[in-house]
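Letter by letter, the chains look like this.
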Amino acid sequence: MASTPLTPDFYRYEWHSLTSAALDDRFVSLRWPDGATLRAFDLWLLESGVGTGVDPATREGLLDPAHMNPDVRLRHADLTEDGALAVAFSNGVDAEYHPGWLRHVADRQHLPSSWMPKIITWTPASLPEPPTHDATQVLTEPEILTEFVNDLVSYGIARFRNLSTELADVQQMMARVGPMRDTNFGMVWDVKAIVDHAGSSDTNSTANTNLRLGPHTDLPTREIPPGFQFLHCMVNETEGGFSTMADGAAVVAALQEQHAEHYEALTTLRWVFFNRGEGIDHRWSGPMIDLGVEGSPLTLRAFYPVRAFPDMPEADMPRAYEAMRVFASMADDPAFRMTYPFEPGDLVAFDNRRILHGRDAFASGGARHLRGFYIDRDEILSFARVSNRKRVSHA
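Residues numbered from 1 in each chain as written. Predicted model: local features only at pLDDT ≥ 70, side-chain atom pairs only at ≥ 80, totals over all residues. Heavy atoms only, no water.

The next thing to look at is the overall build of the chain. Along the backbone of the chain there are eight helices and 22 strands. Within the chain, the fraction of its 395 residues that count as buried is 48%. If you take every contact in the chain between residues at least 6 apart in sequence, the share linking residues at least 24 apart comes to 74%. Carbon and sulfur atoms make up 51% of the accessible area of the chain, which totals about 19,400 Å². Looking at charge distribution, the chain has the averaged site of its 35 positive side-chain charges lying 1 Å from that of its 54 negative ones. (Helix = DSSP H or I, 4+ residues; strand = E, 2+ residues; numbered from the N terminus. Buried < 20%, exposed > 50% of the residue type's maximum accessible area, 1.4 Å probe, protein only. Contact = heavy atoms within 4.5 Å. Areas by Shrake-Rupley, 256 points an atom, 1.4 Å probe, with all protein chains shown as cover. Lys, Arg positive; Asp, Glu negative; His and termini not counted. Charge placed at Lys NZ, Arg CZ, Asp CG, Glu CD.)

This is the structure we're talking about:
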């Protein structure tokens, strides 16, 4: 192979020689020996050529759409001796394309879903406790973190056991995944309840009491709520206070099947969510089941302490409240609700936009201290793609 064409990214691709390339109006029809095909549009090929449409240094596009000539057409398409694609455009530009890179497009490995584990919805009948991994060697064995993140993406929840209770160790581990997301609660925040026998507590939110917390998602007050939440147990000397988790994807699917009218209300009628505080004023209006555009991740906005106002016509308010009641009751039903204790050294991570988390009340007396932080969804998915692609490459 005299000269391997560069690709519009920094990945290495296996060489998949093409068997044919034929012009078809504004497309090139490509075929591989195993029958795989791809139709490549002329302007897409033009802007994907490294050195012509893509900068070789940054591997980012150079062609401003406002300056693209709409009259440019493919003049010629053929294969090189080793099976790469070679084309000529009517504006005098010639370009060659790596057949392995073209094949990854034909195989749809260029889509956001590529290199990701399969999404699995669950109930306690199929998943009685979080998928659990031993964190003893996590700082020295990268594969442990990859398995943990794959379970986190797939099930929406994963747990480490035997993790250090030192914050620096946890930060070192999670820095490999991606940066923590800062909020008005800080980069790392405490869920801490030290309750005396009289029942008093030093608290500034419901989370820092011994009260029950119903199924919810955090920060529905934001346009884009945090993607994944991590809760790390420092101390737990209380009786009760078990954590609860419900797969919102399973609850929503059951709601759609069993209560179509409530599903319609929850996916269309809007509520105003806002954080109450002197120095903050975060607000967002949206449905409790936010489906976004096609391909968007499910976003549940379900936190009653910060749900403030119905943002809908008066006639819709009765059915909105009834739909919300039914949804919350389903999420809190043992048929959907996983229950488990926290032990020192446990770290439980979950998809904050999919998983409805909560807590049972616990008895007065004893200390309970968790640390929490968020990492955005984009960072988790990026880590999963890179790690899983490396696995295949090494194999």
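From this point, the narrative continues.
Looking now at the sheet that holds strand β1 (residues 20-24). Strand order in the open sheet formed by three strands is β1-β2-β3, with antiparallel pairing between adjacent strands. Either end of the sheet is taken by a strand with one partner, and the two such strands are β1 and β3 (37-41). When the angles between neighbouring strand axes are averaged without regard to direction, this sheet yields 20 degrees. Across five bridges, the pairing between β1 and strand β2 (residues 27-31) is antiparallel. Note on β2: the bridge partner recorded for A22 is S29. (Pairing = 2+ DSSP bridges. Axes fitted to C-alpha atoms, helices over the stretch in contact; angles between N-to-C directions.)

Under the defined criterion, the tally for this structure stands at nine aromatic pairs. Directly above the ring of F274 sits R283, whose terminal nitrogen or CZ lies 5.6 Å from the centroid. Just above the ring of W271 sits the side chain of R307; from NZ or CZ to the centre is 5.0 Å. (Phe/Tyr/Trp six-rings, centres within 6.5 Å; stacked < 30°, edge-to-face > 60°. Lys NZ or Arg CZ within 6 Å of the ring centre and 35° of its normal.)

A word on the pattern of salt bridges. Where charged atoms from two side chains of opposite charge come close, those side chains can pair. A complete count under the given rule lists 17 salt bridges for this structure. Note that R39 and D24 form a salt bridge whose closest N and O atoms lie 2.8 Å from each other. Of this pair, R39 sits in strand β3 while D24 sits in strand β1, placing them 15 residues apart in sequence. D376 is paired through a salt bridge with R181; the nearest N and O atoms lie 3.0 Å apart. A residue pair is termed long-range when its members are at least 10 positions apart, and D376 in the loop between β22 (367-375) and α8 (377-394) and R181 in strand β9 (residues 180-181) qualify at 195 residues. (Salt bridge = Lys/Arg side-chain N within 4 Å of Asp/Glu carboxyl O.)

Before going further, it helps to examine the pairing of strand β4 (residues 74-79). Across five bridges, β4 lies against strand β5 (residues 85-89) in antiparallel orientation. Directly across from L74, in β5, lies its bridge partner F89. Count of turn residues in the β4/β5 antiparallel hairpin: five residues, of which G83 carries a positive phi of about 90 degrees.

Right, let's get into helix α6 (residues 260-268). Every buried residue belonging to α6 is among H262, Y263, A265, L266 and T267, and all of these are buried. Check the buried side of α6 and you find it contacts α5 (248-258), β15 (283-287), β16 (289-290) and α7 (317-331).

With that settled, consider the sheet that holds β15. Here we have three strands laid out as an open sheet, ordered β15-β14-β18, and antiparallel in their pairing. With partners counted over all chains shown, the strands left at the sheet margins are β15 and β18 (307-311), one partner each. Going across the sheet, the axis of each strand differs from the next one's by a mean of 30 degrees, ignoring polarity. With four bridges connecting them, strand β14 (residues 270-274) and β18 associate as antiparallel partners. Across the sheet, V272 pairs through a bridge with F309, a residue of β18.

Another point: the side chain of R389. As for its placement among the helices and strands, R389 is situated in helix α8. Despite its burial, R389 pairs with no opposite charge, the nearest such side chain being D9 at 5.5 Å. For R389, the residues in contact, after removing those within four places along its chain, are Y11, Y13 and W115.

To continue, consider the nonpolar core. In terms of nonpolar packing, the biggest core is built from 28 residues, with L255, L266, M288 and F327 touching the most fellow members. Elements that contribute at least two residues to this core include exactly α5, α6, β14 and α7. Broken down by element, the residue count for this core peaks at seven residues, all from α7. Once residues lying within four places of it in the same chain are set aside, the contact partners of L255 are A260, H262, Y263, L266, I289, V326, F327 and M330. With 26 residues, the next largest nonpolar core counts V138, L152, F373 and L381 among its residues. (Core = buried A, V, L, I, M, F, W, Y, C linked by side-chain atoms within 4.5 Å.)

Another point: helix α4 (residues 167-174). Every buried residue of α4 is listed here: V170, M173 and M174. Buried residues of α4 fall within an arc of 90 degrees about the axis and therefore sit on the same side. (Arc of directions from axis to C-beta.)

This part takes up the environment of M330. Tracing the backbone through its elements, the reader meets M330 in helix α7. Since its relative accessible area comes to 11%, M330 is described here as buried. Not counting residues up to four positions away in its chain, the partners in contact with M330 are V251, A254, L255, Q258, H259 and F336.

The geometry of α5 relative to α6 is characterised by a closest axis approach of 5 Å and an angle of 125 degrees between their N-to-C directions. Classed by the angle they form, the pair α5 and α6 counts as oblique. Across from V252, L255, Q256 and Q258 in α5, the residues of α6 making contact are A260, H262, Y263 and L266. Of the residues belonging to the contact of α5 with α6, the class tally is five nonpolar, three polar and no charged. (Parallel < 35°, antiparallel > 145°, perpendicular 65-115°, else oblique. Nonpolar A, V, L, I, M, F, W, Y, C, P; charged D, E, K, R; others polar.)

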